[in-house]
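One-letter residues, chain by chain:
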Amino acid sequence: MKKNILLAPGPTPIPETVRQALAEPIIHHRTPQYRAIFAGVSERIKKVFLTQNPVYTLTGSGTSAMEAALVNFHSAGDEVLVIESGKFAERFTEIAKAFGLKAHVLAVTWGEAVDPEKVREFLKAHPAVRSVCVQLCETSTAVLHDIKALGAVTAATEALLIVDGISGLGADRLETDAWGVDLVIAGSQKALMLPPGLAFLSVSEKAKKRLAQANLPRFYLDLRFYEKSMKDQDTPFTPAIGLVIGLAKALDLIETEGVLNVFKRCEQLGEYTRAQFKALGLEIFSKAPSATVSAALMPKGIDGEKVTNVMRDEKGVTMAGGQGALKGKIVRVAHMGAIRKPDIDEGLRILAETLREMEVKVG
Ligand SMILES: *Cc1c(COP(=O)(O)O)cnc(C)c1O
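Rules and cut-offs
Sequence order as written defines the numbering, with residues in each chain counted from 1. With the structure being a predicted model, the display of local features is reserved for residues of pLDDT at least 70 and the display and counting of side-chain atom pairs for 80 or more, all residues being used for whole-chain, interface and lining totals. Hydrogens and water are ignored here; the side-chain numbers use all heavy atoms of the structure. The rule for pairing is simple: two strands pair if DSSP sees at least two bridges between them. Labels follow the DSSP assignment, with helices taken as runs of H or I lasting at least four residues and strands as runs of E lasting at least two, numbered in each case from the N terminus. Interaxial angles span 0 to 180 degrees and are taken between N-to-C directions of axes, which are lines fitted to C-alpha atoms, for helices over the stretch in contact. Here a residue-residue contact requires only that any non-hydrogen atoms of the pair lie within 4.5 Å. The nonpolar core is taken to be a set of buried Ala, Val, Leu, Ile, Met, Phe, Trp, Tyr and Cys residues, with the residues joined through side-chain atoms within 4.5 Å. The buried label goes to any residue with under 20% of its type's maximum accessible area, the exposed label to any with over 50%, and the partly exposed label to all in between, with areas taken from a 1.4 Å probe on protein chains only. Residue ranges labeled as domains rest on an automatic or database domain assignment. The arc in question is the one traced by the directions running from the helix axis out to the C-beta atoms. Two joining distances apply to patches: 9 Å for like charges and 5 Å for nonpolar side chains (Val, Leu, Ile, Met, Phe, Trp, Tyr), and every residue must have over 30% relative accessible area and no salt bridge. Areas reported here follow the Shrake-Rupley algorithm with a probe of radius 1.4 Å; residue values treat only the protein chains shown as occluding. Salt bridges are defined by distance alone: a side-chain nitrogen of Lys or Arg within 4 Å of a carboxyl oxygen of Asp or Glu. Put simply, buried area is how much 1.4 Å-probe accessible surface two parts lose in total, over both of them, once they are put together. Whenever two N or O atoms come within 3.5 Å, that pair is a polar contact, provided that in protein one can donate a hydrogen and the other can accept it, and provided that, for residues adjacent in sequence, both atoms are side-chain atoms. Think of it as three bins: nonpolar holds Ala, Val, Leu, Ile, Met, Phe, Trp, Tyr, Cys and Pro, charged holds Asp, Glu, Lys and Arg, and polar takes everything else, Gly as well.

A. View of the sheet that holds strand 3 (residues 79-84). What the seven strands build is an open sheet, ordered 2-10-9-8-5-3-4; its pairing is mixed. Looking at strand neighbours, the two that pair on one side only are strand 2 (55-59) and strand 4 (102-107), the edges of this open sheet. On average, each strand axis in the sheet is inclined to that of its neighbour by 20°, with strand direction left out of account. Two elements, strand 3 and strand 4, share six bridges in a ladder whose sense is parallel. The residue bridging Val82 from the neighbouring strand is Val105, located in strand 4. On the sheet, helix 5 (residues 116-125) packs against strand 3, strand 4 and strand 5 (129-135) and is oriented at approximately 160° with respect to strand 5. Contacting strand 2 and strand 10 (198-203), helix 8 (residues 223-230) crosses the sheet at an angle of about 115° to strand 2.

Dropping the structure here:
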């Protein structure tokens, strides 16, 4: 039988206990049984965010929480600053524009992290900016931004700090409260070890004050509904019941290991992955490596797209290629969630084999 090793930065492999919970018969959600489960995960997930503020669970992929972070805290014509260092950052700009916000773009060379001083200067020159949008891990380039430093910058201003942790939350250390992050966005299918379908958003006190005044159009993602329902351990619309039940199991795993140990493991596995890339003679793409995913440049003349296709279709190993301007130029290997060293070893062995078949000399 063909292998099926998933090393792309989402969706990631799902642990056995989570899969079994997902296979259980469905229960009704307006019941004490479901409410207890939902109340439990809503409380417990705060420990992964390292926050004491509410974390809302939305039914949708991660992007729904990116949209929620913009529409609930801004009004027509508001200025936002998007730190654009990759494909996912561009999405913030697109959403902002779609809702009539004025998006300033601070372009960062792909593969590099933003210089927090540049953000400080920008905010000084543009005091009307209401929010700064950035990724924790910019999954498309495998870059980790310095959120702690950015939090220190925005804390001194009126601007909110919006962090897309869709891939990074649960892998790269993010201290939501201690670092002054106002809105943290997460998704179920990456470090949280679930199928796609849930998005999460934590809301600081500073952000909460904006919720009532914001006038952008919204309905399904209107957090005022979610805030009200949360008081009854409920959601305004039918939740993805099965995924919430699966989340309880995923959180069991994270709590048993200890969230700080999870961060440490992902960091060490990331270091290991990059050392192995180098041993193969490949150059690391990201200048600010992440505990979530790592990227290696493909040798000159080698089409990375072909490499990942051959690996996936003929050898059963799914790695990710490059996106946008990086298409064909890099391969990306995730080391978050349920991915472990044997999976990385096997994936890299197959990568080396595939490159050799393309006449590349690998170490
Ligand atoms: C995967 C990812 C997204 C997109 O999330 P969807 O669940 O596909 O909507 C956004 N931002 C980052 C950083 C991601 O890794």
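B. Spotlight on the nonpolar core. Within the largest apolar cluster, 85 residues are counted, with the highest numbers of intra-cluster contacts made by Val119, Ile147 and Leu351. In this structure, this core is formed jointly by two domains, domain 1 (5-11 + 259-362) and domain 2 (16-255), each of which donates at least three residues. Apart from residues no more than four positions distant in its own chain, Leu351 is found in contact with Phe277, Leu280, Leu282, Val307, Met311, Met319 and Val331.

C. Looking closely at helix 8. Within helix 8 the residues assigned to the buried category are Leu223, Tyr226 and Ser229. Down the axis of helix 8, the smallest arc covering the buried residues is 120°, so these residues share one side. Check the buried side of helix 8 and you find it contacts strand 2, strand 10 and helix 7 (205-211).

D. Highlighting a nonpolar patch on the surface. Residues Phe219, Tyr220 and Phe225 make up a contiguous nonpolar surface patch of about 300 Å² in total accessible area. Residue position: Tyr220 is located in the loop between helix 7 and helix 8.

E. Here's a closer look at the domain arrangement of the protein chain. For the protein chain, the assigned domains read domain 1 (5-11 + 259-362) and domain 2 (16-255). Each of domain 1 and domain 2 has a C-alpha centre, and these two points are 27 Å apart. Contacts between the two partners involve 28 residues from domain 1, matched on the other side by 27 residues from domain 2. Contact with domain 2 buries area across many residues of domain 1, yet Val259, Phe263 and Gln323 alone supply 25% of it, more than any other trio. In this assembly, domain 1 and domain 2 are joined by zero salt bridges. Where domain 1 touches domain 2, the interface holds seven residue pairs in polar contact (both at pLDDT 80 or more). Those elements giving two or more residues to the side of domain 1 that touches domain 2 turn out to be helix 10 (259-279), strand 11 (293-297) and strand 13 (330-334). With five residues, helix 10 is the single largest residue contributor to the side of domain 1 that touches domain 2. Grouping the constituent residues of the side of domain 1 that touches domain 2 by class yields 18 nonpolar, eight polar and two charged.

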